[in-house]
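Residue-level structural notes
The lines below spell out each chain.
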Amino acid sequence: MALKELTCPSFELCLLLFSTIITIIVSKLRTSVKVESKGIVNLPPSPRKLAIIGNLHQIGALPYRSFKALSEKYGDVMLLQLGHIPTVVVSSAQVVDEIMKAHDLALSNRGQSTATNILLYGSNDIGFGNYGERWKQKRKICVRELLSPKMVQSESIRLVRKGAVAELVDKVREAAAASCSSLNLSELLVEAANNIICNSALGQKNDAKGVRRRDNVKVLAKKVMFEVGVVTLGDHFPWLRWVDVLTGQVREFKATFAALDPLFDKVIAEHRSSMFNKEAADDDDMFAAGSETTSVTVEWAMSELMKNPMELKKVQEEVRKVVGHKSIVEESNVNQMEYLKCVVKETLRLHPPAPLLVPRVATRHVKLSGYDIPAKTRLYVNVWAIQRDPRVWDSPEDFIPERHRHSHTPDFKFIPFGFGRRGCPGMNFGLASVEYMLANLLYYFNWESPQAIDMAETFGLVASKRIPLHLKPIPFSFG
Ligand code: HEM
């Protein structure tokens, strides 16, 4: 056979595959020798893995559900091989307690990906940046300038929330006046949550063409949120990074970044001499992380309430009793709505927007529940499984807001905002928005559902409803 025929593309591909396999085997042998020579022997239980892909074939489109099913067989600390990434999945409150007490610092790095490296300035942001002095500084500035309880309750941010929610209520009212029987509430919630965050952080300025800046950010933030959740082939198999280039994936990330970066430059320039600091403005993922988590929480709360009419009636009675005939829902009213707060908590228990938190990475070897976790292992905390764990929750699949009435102590069986050094700094900001949006929707309108509520999920970095929530609003009058 002529040499030319041998070097056809498929032969090159075989050669590439063969050399890749040899490289993997050699590197695996090296790793296992290293592991054994360091005395690391007691690894967590693992399901059987396949060559090269490891356990990837066992993970479905909703990984937190696949992890839960596997953990029922392999335990609360389980080791999976996701492509080339060794990954530990934690599925019990007790183990989270142990992490918090003994290993929070050692498990404070994040896992970076092709997407976060391109979109988030080399993963140099608060959400995906590694733990360290620079990261601590950035986080401190964000909390001080925007997310502290004092800032969240400041007059300026209250006004922003009030304005954005009034806009939401007006839009629902318009739809009701036009006898809309199937309003896409999900869409309006995303818009309202985005407006709260963009207007709080960026102000309400327009760009040169007269388009409101928040409208530009809105579209981009949604894109960023989706794309940072993308795990490319090259992330699982570094030797296949070139495929990400060929498929156009890398080009897509770069295009999003190219659109977002000048916008942030403008904001930074404007705020240089004022309250907002460059380090804080750097964090485009904060807008994305903050708005989608907020809107999906209200979306799930409304869905659960529609499925549970007794609870809907109860929470509406409370909201209307507290607000009375004033016909304006004040933020201060929300503090008296104890049951509404329970509804929000129960929603976050059953539908944590980040069901696997944001993955962490071990900076050094740690011992967890007696198992060895080597440095650089990725860690997922399966909050979705923990918050439905029948060992710690009665009737875990049922929507029972009442169960939160007397639970004030921090408890690792309920951690929708994560925990420790990497826990969510936007909790107060997020809760204030969720509670105020929900109180308004429940005060001004009664709701009917044109069809059965579909509770199916879809998952990127955030778990949202697969089919947007469509409802019929009916304006409520005190008569
Ligand atoms: C209902 C609303 C929200 C929920 C349920 C939520 C949940 C979470 C969770 C689970 C994490 C990961 C925590 C961990 O790994 O332990 C996180 C991180 C983060 N969240 Fe939130 N979040 C919400 C709203 C917000 C808002 C409104 C903002 C900002 C405006 C925000 C900013 C962030 C940031 C910057 C991080 C990264 C923190 C770090 O890595 O150190 N979040 N959030």
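Just above sits the structure.
What this report covers is the structure whose coordinates are included nearby. None of these values were measured; they are calculated from a predicted model.

**Things to note about the overall build of the protein chain**
Per the secondary structure count, the protein chain includes 20 helices and twelve strands. The proportion of buried residues among the 479 residues of the protein chain is 51%. Sequence-distant contacts, at least 24 apart, represent 74% of the contacts inside the protein chain between residues at least 6 apart. When the accessible surface of the protein chain is split by element, carbon and sulfur atoms take 59% of a total near 22700 Å².

**Quick notes on the coordination of the iron atom of the ligand**
A lone protein donor contacts the iron atom of the ligand, and this donor is Cys424 (SG), found at 2.3 Å. On the secondary structure map, Cys424 appears in the loop between α19 (383-386) and α20 (427-444).

**Things to note about the pairing of strand β2 (residues 85-90)**
Within β2, five of the six residues are buried, which leaves it mostly tucked inside the rest of the structure. Judged from the six bridges that link them, strand β1 (residues 77-82) and β2 form a sheet pairing that is antiparallel. If you follow Leu80 over to β2, its bridge partner there is Thr87. Connecting β1 to the next strand, β2, in antiparallel fashion are two residues, including Gly83 with a positive phi near 65 degrees. As defined by bridge partners, β2 adjoins strand β8 (residues 378-381) across four bridges and the pair is classed as parallel. Across the sheet, the residue bridging to Val89 is Tyr380, located in β8.

**Looking at the environment of Thr458**
Within the secondary structure, Thr458 sits in strand β10 (residues 457-459). The exposure class assigned to Thr458 is partly exposed, which follows from its relative accessible area of 33%. Spatially, the C-alpha atoms of Thr458 and Tyr444 are 30 Å apart, while their sequence positions differ by 14 residues. For Thr458, the residues in contact, after removing those within four places along its chain, are Leu62, Ala463, Ser464, Lys465 and Arg466.

**Details of helix α4 (residues 93-103)**
Along α4, the residues that are buried comprise Ala93, Val95, Val96, Ile99 and His103. All buried residues of α4 project into a common sector of 160 degrees when viewed along the axis, lining one side. Looking at α4, the residues exposed on the side facing more than 90 degrees away from the buried face are Gln94 and Lys101.

**With respect to the site of the ligand**
Contacts to the ligand come from 26 residues, most closely from Arg110, Arg139, Arg360, Arg422 and Cys424. Between the ligand and Arg110 there is a distance of 2.7 Å, counted from an oxygen atom to a side-chain nitrogen or oxygen. At 3.3 Å, a backbone N or O of Ile126 approaches an oxygen atom of the ligand. Counting only elements with at least two residues in the shell around the ligand, the list comes to α6 (133-147), α15 (284-307) and α20. Class assignment for the residues of the shell around the ligand results in 14 nonpolar, eight polar and four charged.

**So, the sheet that holds strand β9 (residues 445-448)**
Reading across from one edge, β4-β12-β9 is the order of the three strands in this open sheet, with antiparallel pairing throughout. A single partner strand is all that each edge strand has here, and the edge strands are β4 (183-184) and β9. Two strands pair when backbone bridges link them, and β9 and strand β12 (residues 470-475) are joined in this way by four bridges, in the antiparallel orientation. Residue Trp447 lies in a different strand from β12, and its bridge partner there is Pro473.

**Quick look at the pattern of salt bridges**
All told, the structure shown has 24 salt bridges when counted by the stated rule. A salt bridge links Arg391 to Asp76, with the shortest nitrogen-to-oxygen separation between them at 3.1 Å. A residue pair is termed long-range when its members are at least 10 positions apart, and Arg391 in the loop between α19 and α20 and Asp76 in the loop between α3 (63-74) and β1 qualify at 315 residues. Taking the relative accessible area as the measure of exposure, Asp76 reaches 23% and is therefore partly exposed. A salt bridge links Lys313 to Glu317, with the nearest nitrogen and oxygen atoms 3.2 Å apart. Of this pair, Lys313 and Glu317 both sit in helix α16 (residues 309-323), four residues apart, which is roughly one turn of the helix. Salt bridges linked by common partners bring Lys314, Glu338, Glu402 and Arg405 together as one network.

**Things to note about the packing of aromatic side chains**
A complete count under the given rule lists ten aromatic pairs for this structure. Aromatic pair Phe412 and Phe419: ring centres 6.4 Å apart, planes at 80 degrees, arrangement edge-to-face. Three or more aromatic residues joined by ring pairs form one cluster here, namely Tyr443, Tyr444, Phe445 and Trp447. The residue whose ring lies beneath Arg320 is Phe476, and the NZ or CZ to ring-centre distance is 3.5 Å. The aromatic ring of Phe419 is capped on one face by Arg360, whose charged end is 4.3 Å from the ring centroid.

**Looking at the nonpolar core**
Among soluble globular proteins, nonpolar side chains are generally buried collectively. Leu185, Met302, Leu340, Leu438, Leu441, Leu442 and Trp447 are the most contacted members of the largest nonpolar core, which has 78 residues in total. Leave out the neighbours within four places in its chain, and Leu438 touches Val298, Ala301, Met302, Leu340, Val343 and Val344. Core analysis: the second largest hydrophobic core is formed by 21 residues, Leu79, Ala362, Val366 and Ile373 among them.

**What to know about α3**
With twelve residues, α3 ought to run about 16 Å at 1.5 Å a step, and its terminal C-alpha atoms sit 16 Å apart, in line with that. For α3, every residue scored as buried is listed here: Pro63, Tyr64, Ser66, Phe67, Lys68, Leu70 and Ser71. Positive phi appears at Gly75, one or two residues downstream of α3, with a value of about 110 degrees.

**What to know about the packing of α16 against α20**
How two helices pack is summed up by the angle between their axes together with the distance between the axes. Axis separation between α16 and α20 bottoms out at 9 Å; the angle between their running directions is 90 degrees. Taken together, the axes of α16 and α20 lie roughly perpendicular to each other. Listed contacts from α20 to Leu312, Val315, Gln316, Val319, Arg320 and Val323 of α16 are Ala439, Leu442, Tyr443 and Tyr444.

Rules and cut-offs
Residues numbered from 1 in each chain as written. Predicted model: local features only at pLDDT ≥ 70, side-chain atom pairs only at ≥ 80, totals over all residues. Heavy atoms only, no water. Helix = DSSP H or I, 4+ residues; strand = E, 2+ residues; numbered from the N terminus. Buried < 20%, exposed > 50% of the residue type's maximum accessible area, 1.4 Å probe, protein only. Contact = heavy atoms within 4.5 Å. Areas by Shrake-Rupley, 256 points an atom, 1.4 Å probe, with all protein chains shown as cover. Donors = N, O, S within 2.8 Å, 3.2 Å for Na, K, Ca; no water. Pairing = 2+ DSSP bridges. Arc of directions from axis to C-beta. Near = heavy atom within 4 Å. Polar contact = N/O pair within 3.5 Å; in protein donor to acceptor, adjacent residues only side chain to side chain. Nonpolar A, V, L, I, M, F, W, Y, C, P; charged D, E, K, R; others polar. Salt bridge = Lys/Arg side-chain N within 4 Å of Asp/Glu carboxyl O. Phe/Tyr/Trp six-rings, centres within 6.5 Å; stacked < 30°, edge-to-face > 60°. Lys NZ or Arg CZ within 6 Å of the ring centre and 35° of its normal. Core = buried A, V, L, I, M, F, W, Y, C linked by side-chain atoms within 4.5 Å. Expected span 1.5 Å × (residues − 1). Axes fitted to C-alpha atoms, helices over the stretch in contact; angles between N-to-C directions. Parallel < 35°, antiparallel > 145°, perpendicular 65-115°, else oblique.

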